[in-house]
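Fold and geometry: a report
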Amino acid sequence: MDWVLVELRTGTSANSLVATRSCLLLRGGQVVDKDGVSVPRITAPPGDYHIVLRHRNHLGVMTAQPIALGSSELTIDLTPHRATVRHRCHAQHQRYACNGQAMPARTAN
């Protein structure tokens, strides 16, 4: 078990941070609230958001397209074959097709 930050971002380049939530990352890759079992809840107005995951040992990842979020609970699966995510590396966005491994490790610079 480890922790991640979940962020909601808006804008054409997803540069506007709307909300952040500290969550737990379980061994199987599931993100849960700090109690270890609950679904994380992030307070933000309904809208289209890029979802960003940040981890202390990996480059952050972000959904390539905004996802419509409303008042109902939503499960977002970032692991299907060829799920497209973006990560920020040297101030550029690079796209990766991932096969269950969406968070490249960062260098020790």
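If you're wondering where the values come from, they're calculated on a predicted model, not measured in any experiment.

The rules behind the values
Residues numbered from 1 in each chain as written. Predicted model: local features only at pLDDT ≥ 70, side-chain atom pairs only at ≥ 80, totals over all residues. Heavy atoms only, no water. Pairing = 2+ DSSP bridges. Helix = DSSP H or I, 4+ residues; strand = E, 2+ residues; numbered from the N terminus.

Below, the discussion takes up the pairing of strand β4 (residues 47-55). Of the strand pairs in this sheet, strand β1 (residues 2-10) and β4 are connected by 5 bridges, and their pairing is antiparallel. Paired with Leu 8 across the bridge in β4 is Ile 51. In this structure, β4 lies alongside strand β6 (residues 67-69), joined through 3 bridges in antiparallel fashion. Across the sheet, Asp 48 pairs through a bridge with Ala 68, a residue of β6. Across 3 bridges, β4 lies against strand β5 (residues 58-63) in antiparallel orientation. The partner of His 55 across the bridge, within β5, is His 58. Count of turn residues in the β4/β5 antiparallel hairpin: 2 residues.

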